[in-house]
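Take a look at the letters that make up each chain.
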Protein chains: 2
Amino acid sequence: MAYKDKYPSKLLEDAVDAISTLPGVGQRSALRLALHLLKQPSENVHHFTEAINHLRDEVKYCKQCRMISDEDVCSICSDRSRDRSTVCVVQTVRDVMSIEKTGQYHGLYHVLGGIISPIAGIGPSDLTVRELTERIADPSSQIKEIILALSGDVEGETTAFYIYRQIEKFNLQVTSLARGLGFGDDLEYADELTLGRSIAGRQPFRP
Amino acid sequence: MAYKDKYPSKLLEDAVDAISTLPGVGQRSALRLALHLLKQPSENVHHFTEAINHLRDEVKYCKQCRMISDEDVCSICSDRSRDRSTVCVVQTVRDVMSIEKTGQYHGLYHVLGGIISPIAGIGPSDLTVRELTERIADPSSQIKEIILALSGDVEGETTAFYIYRQIEKFNLQVTSLARGLGFGDDLEYADELTLGRSIAGRQPFRP
């Protein structure tokens, strides 16, 4: 065949290879995206790649909570109206965004940057646990409660337990997220574990 | 809320906006991809954006068939072993790649770059129809057959008819792709139009 390597152009092949490194993007989708970009005005494509380069090269992480930030201290940590006595520990930047969206939380955060996972080769030293203990130990700290808002799987519970052992000496209140049926969830379709925990953790009825 | 504009960082917001201009990529997927890129080594991200910039800035189109190419004349048009008497007219670069993959075609191509679509505001002058007629009219042309390999919808048929009217004066053989049930297709699940055409266009049985 005329196309020794599947693609009519080395430039196209390189772009498809690069795009298909994105999670959830296979060779077919990558080809579709590459051909789409090829049809766009040159300045649009440059704007696209520059926005990505700027993000990667210039992004900062808040020196206090490790959240993505444009400044050395993020907009939440520097917001004087937030409750400085409560710190919510989450795995990712995305979790902070999810909790902020609820509008139900007015304390500070601490982004771990991942979760302890022996299979993925991620240990405590790959996370910002040490930074968390330093934050709590800081004499100017006003922290009274740590909320462990981690995922409900084995890795999340392992990480929560590890952090608990590291911070129990500080005599803070340590809490975790309520688990149970989601609002509007049907008992019939709930998984057994969730339903079981929902019964075990039942709450006084408030009419 | 602390996040006035949904995102903790303007850099992140710009990247998400840029990524969500891709077809089939919404804001949520764009955020996921942006956060993925943020976790990659800087050189990987630069390689990613450079591959896209190179594609957009340096790609050439074959001056004969308008296929994507690294050279002025593409690898198919410059391949002396290909049948120069047959030209297969397709809508897109991708169609050429699909037909090449079959290994069943050994002639040349002509990439229209789209299809006549009044709704999308695409007329004959936006396509390479003039280039096709010039190619046929060229005294050195060896073209004897034009295959109109366009989509089977109204726009495809409109485009095929328009091209036919432009080239009928050259007295070439003009053909179109066989339509009917796909190999392995079940009659029960075929749409009526396909099944109807499949009956109307029935072929002598070759045992």
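Conventions adopted
- Along each chain, the written sequence defines residue order, and numbers are assigned to residues from 1.
- Whichever chain is written first is A, and whichever ligand is written first is 1; the rest continue in order.
- Restriction of local features to residues with pLDDT of at least 70 applies here, the model being predicted, together with a cutoff of 80 or more for giving and counting side-chain atom pairs; totals for whole chains, interfaces and linings are based on all residues.
- To line up the copies, we fit them by least squares on C-alpha atoms, keeping just the residues with pLDDT of at least 70 in both.
- Contact between two residues is assigned when their C-beta atoms, built from the backbone, lie within 7 Å.
- For two strands to count as paired, DSSP must find a minimum of two bridges between them.
- For the purposes of this entry, the term helix denotes a DSSP run of H or I that reaches at least four residues, the term strand denotes a run of E that reaches at least two, and both are numbered from the N terminus.
- Orientation is described by axes fitted as lines to C-alpha atoms, over the contacting stretch for helices, and by angles from 0 to 180 degrees between their N-to-C directions.
- Nonpolar cores are built from buried Ala, Val, Leu, Ile, Met, Phe, Trp, Tyr and Cys residues. These are joined into a set through C-beta atoms within 7 Å.
- Backbone-placed C-beta atoms define the burial measure: a residue is buried with 20 or more other C-beta atoms within 10 Å of its own, exposed with 12 or fewer, and partly exposed in between.
- As used throughout, domain bounds are those supplied by an automatic or database domain assignment.
- Residue-level confidence of the predictor is what pLDDT reports, using numbers from 0 through 100.
- In what follows, roughly perpendicular refers to angles from 65 to 115 degrees, roughly parallel to angles under 35, roughly antiparallel to angles over 145, and oblique to any angle outside these ranges.
- Each helix crossing is assigned a hand: it is left-handed if the near helix lies turned anticlockwise from the far helix by less than a right angle, otherwise right-handed if that turn is clockwise.
- Note that Gly is not counted as nonpolar here; it falls among the polar residues with everything else outside the nonpolar set of Ala, Val, Leu, Ile, Met, Phe, Trp, Tyr, Cys and Pro and the charged set of Asp, Glu, Lys and Arg.

1. Describing the relation of the copies chain B and chain A
Right, so step 1: Between chain B and chain A, the superposition needs a rotation of 180 degrees and an axial shift of 0.0 Å, giving an RMSD of 0.1 Å. Such a turn and shift between the copies fits a two-fold axis. Every residue of chain B has its C-alpha some distance from the rotation axis, and the shortest such distance is that of Thr 49 of chain B, at 2.6 Å.
Right, so step 2: Interface overlap between copies is the fraction of interface residues in one copy that are interface residues in the other; for chain B against chain A it reaches 100%, indicating a shared surface.

2. Quick look at the sheet that holds strand E3 (residues 86-90) of chain A
All names here are of chain A.
Right, so step 1: With parallel pairing, the four strands of this open sheet are ordered in space as E4-E3-E5-E6. Taken across any chain shown, the strands that pair with only one partner, and hence form the sheet edges, are strand E4 (108-111) and strand E6 (173-176). The mean angle between the axes of side-by-side strands here comes to 25 degrees, regardless of whether they run parallel or antiparallel.
Right, so step 2: By the bridge criterion, four bridges tie E3 to E4 in an arrangement that is parallel. Looking across to E4, one finds that Val 90 is bridged to Val 111.

3. A closer look at the nonpolar core
Right, so step 1: Counting 93 residues, the largest nonpolar core has Val 89 of chain A together with Val 89 of chain B as the members making the most contacts within it.
Right, so step 2: Residues in contact with Val 89 of chain B, not counting those within four places in the same chain, are His 110, Leu 112, Leu 132, Ile 146, Ile 147, Leu 148, Ala 149 and Ile 163 of chain B.

4. Observations regarding the pairing of strand E6 (residues 173-176) of chain B
Right, so step 1: Looking at chain direction, strand E5 (residues 145-148) of chain B and E6 of chain B are connected through four bridges and run parallel. Directly across from Leu 148 of chain B, in E6 of chain B, lies its bridge partner Ser 176 of chain B.

5. Focus on the environment of Ile 19 of chain A
Residues and elements named next belong to chain A.
Right, so step 1: For Ile 19, the position within the fold is in helix H1 (residues 10-19).
Right, so step 2: Through-space distance from the C-alpha of Ile 19 to that of Ser 29 is 8.7 Å; in sequence the pair is ten residues apart.
Right, so step 3: Ile 19 has contacts with Val 25, Ala 30, Leu 33 and Ala 34, leaving out every residue within four places of it along the chain.

6. Remarks on the domain arrangement of chain A
Right, so step 1: Each assigned domain of chain A is listed with its residue range as follows: domain 1 (10-58) and domain 2 (61-176).
Right, so step 2: The centre of domain 1 of chain A, based on its C-alpha atoms, is set 34 Å off from the matching centre of domain 2 of chain A.

7. Things to note about unusual backbone geometry
Right, so step 1: One non-glycine residue, Arg 66 of chain A, lies in positive phi territory at about 70 degrees.
Right, so step 2: Along the chain, the position of Arg 66 of chain A falls in the loop between strand E1 (60-61) and strand E2 (68-69).

8. Some words on the sheet that holds E6 of chain B
Strand pairing within a sheet occurs via backbone hydrogen bonds; the two strands may be parallel or antiparallel.
Residue and element names in this part refer to chain B.
Right, so step 1: What the four strands build is an open sheet, ordered E4-E3-E5-E6; its pairing is parallel. The strands lining the two open edges of the sheet, one partner per strand, are strand E4 (108-111) and E6. Put simply, the sheet's adjacent strands are angled 25 degrees from each other on average, direction ignored.

9. Quick look at the confidence of the model for chain A
Right, so step 1: Mean pLDDT over chain A: 90, with 97% of residues reaching 70 or higher.
Right, so step 2: Under the prediction, the complex receives an ipTM of 0.80, its pTM being 0.79.

10. So, the environment of His 106 of chain A
Residues and elements named next belong to chain A.
Right, so step 1: Positionally, His 106 belongs in the loop between helix H4 (93-102) and E4.
Right, so step 2: Linking His 106 and Thr 86, residues 20 residues apart in sequence, is a C-alpha distance of 8.5 Å.
Right, so step 3: Residues within four places of His 106 in sequence aside, it is in contact with Arg 82 and Asp 83.

11. Some points on the environment of Ile 122 of chain A
Residue and element names in this part refer to chain A.
Right, so step 1: In this structure, Ile 122 sits in the loop between E4 and helix H5 (129-137).
Right, so step 2: When the 16 C-beta atoms within 10 Å are taken as the criterion, Ile 122 is described as partly exposed.
Right, so step 3: Distance from Ile 122 to Pro 8, taken between C-alpha atoms, is 41 Å for residues 114 residues apart in sequence.
Right, so step 4: Excluding residues that lie within four positions of it along the chain, Ile 122 makes contacts with Gly 114, Ile 115, Ile 116 and Ser 117.

12. A few points about the packing of H1 of chain A against helix H3 (residues 42-58) of chain B
Right, so step 1: Running from N to C, H1 of chain A and H3 of chain B cross one another at 150 degrees; their axes reach a closest spacing of 8 Å. As judged from the angle between their axes, H1 of chain A and H3 of chain B are roughly antiparallel. As for how H1 of chain A packs across H3 of chain B, the hand of that crossing is left-handed. Contact residues: H1 of chain A offers Leu 11, Leu 12, Asp 14, Ala 15 and Ala 18 of chain A, while H3 of chain B offers His 47, Phe 48, Ala 51, Ile 52, His 54, Leu 55 and Glu 58 of chain B.
Right, so step 2: Per-class residue counts for the contact of H1 of chain A with H3 of chain B are eight nonpolar, two polar and two charged.

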